[in-house]
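# Structural overview for review
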Amino acid sequence: MIEFEVKSRVMNIGKRKGQTLYYASPKSNQRLTNKMVVDRIVRETSLSAGDVSNALISLGAIVRDALLMGASVDLADLGSFRVIAPPTMVDNEIDVTAATLKTPKIVFTPKMQMRDSAKSVELVVDNPKRRAQQQGSQGENGSGEDDLNP
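Residues numbered from 1 in each chain as written. Predicted model: local features only at pLDDT ≥ 70, side-chain atom pairs only at ≥ 80, totals over all residues. Heavy atoms only, no water.

## A few points about unusual backbone geometry
In this model, Ala-76 sits at a positive phi of 50°, which is unusual for a non-glycine residue. Within the secondary structure, Ala-76 sits in the loop between strand 3 (73-74) and strand 4 (79-84). (Helix = DSSP H or I, 4+ residues; strand = E, 2+ residues; numbered from the N terminus.)

Next up, the structure:
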């Protein structure tokens, strides 16, 4: 589950300049550390912590080397990494050179299982004003519905 809170920002540019707009922002950035990943793999396999750490370090080196060569790397059920260098559009064919390419970026394309996991994450917005409004309307109609995530 990812829990969000309501924040506001006064717009500095655009058609809404000067207007206060509201948005949902994650309350915290939960993360698994490398140690947590290693410990979990150790629990679920017969590998030692040193074996898992070495495998992860080697995987990082292999992926870096492959990307440096311009190759893509398929990591089974996780997905694949590749390097892209977006082009800049120029007027004349003769002007197309390596200098017309933008800074290379690493792109990760998750496999279907990973995309499905992301789609299944529960999203909850903690909005005290909405909750107070709903509690006020419950007194009027007695619906009792809790609508944290409309």
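Let us keep going from here.
## A closer look at the nonpolar core
Formed by Val-63, Ala-66, Leu-67, Val-73 and Leu-75, the largest nonpolar core amounts to five residues. Looking at this core element by element, the count peaks at three residues for helix 2 (residues 49-68). Aside from chain neighbours lying at most four places away, what touches Leu-67 is Phe-81, Arg-82, Val-83 and Ile-106. (Core = buried A, V, L, I, M, F, W, Y, C linked by side-chain atoms within 4.5 Å. Buried < 20%, exposed > 50% of the residue type's maximum accessible area, 1.4 Å probe, protein only. Contact = heavy atoms within 4.5 Å.)

## Describing the packing of helix 1 (residues 34-44) against helix 2
Contact pair helix 1 / helix 2: the axes reach a minimum separation of 9 Å and the direction vectors enclose 125°. Here helix 2 runs oblique to helix 1, going by the angle between their axes. Both helix 1 and helix 2 take part in a crossing whose hand is right-handed. Where helix 1 approaches helix 2, its residues Asn-34, Val-37, Val-38, Ile-41 and Val-42 are matched on the opposing element by Ala-49, Val-52, Ser-53 and Leu-56. Residue classes in the contact of helix 1 with helix 2 are distributed as seven nonpolar, two polar and no charged. (Axes fitted to C-alpha atoms, helices over the stretch in contact; angles between N-to-C directions. Parallel < 35°, antiparallel > 145°, perpendicular 65-115°, else oblique. Left-handed = near helix turned anticlockwise from the far one by under 90°. Nonpolar A, V, L, I, M, F, W, Y, C, P; charged D, E, K, R; others polar.)

## Considering the sheet that holds strand 5 (residues 105-110)
Strand order in the open sheet formed by three strands is 3-4-5, and the pairing between neighbours is antiparallel. Two strands lie at the open edges of the sheet, namely strand 3 and strand 5, each paired on one side alone. Sheet topology note: the strand 3/strand 4 ladder contains two bridges and is antiparallel. Bridge assignment links Val-73 to a residue of strand 4, and that residue is Phe-81. The sheet strands contacting helix 2 are strand 3, strand 4 and strand 5, and the helix crosses strand 4 at an angle near 40°. (Pairing = 2+ DSSP bridges.)

## Concerning a nonpolar patch on the surface
Together, Ile-2, Val-121 and Leu-123 line one region of the surface with nonpolar side chains, adding up to about 200 Å² of accessible area. In this structure, Ile-2 sits in strand 1 (residues 2-10). By relative accessible area, Ile-2 is classed as partly exposed at 34%. (Patch = residues over 30% accessible without salt bridge, like charges linked within 9 Å, V, L, I, M, F, W, Y side chains within 5 Å. Areas by Shrake-Rupley, 256 points an atom, 1.4 Å probe, with all protein chains shown as cover. Salt bridge = Lys/Arg side-chain N within 4 Å of Asp/Glu carboxyl O.)

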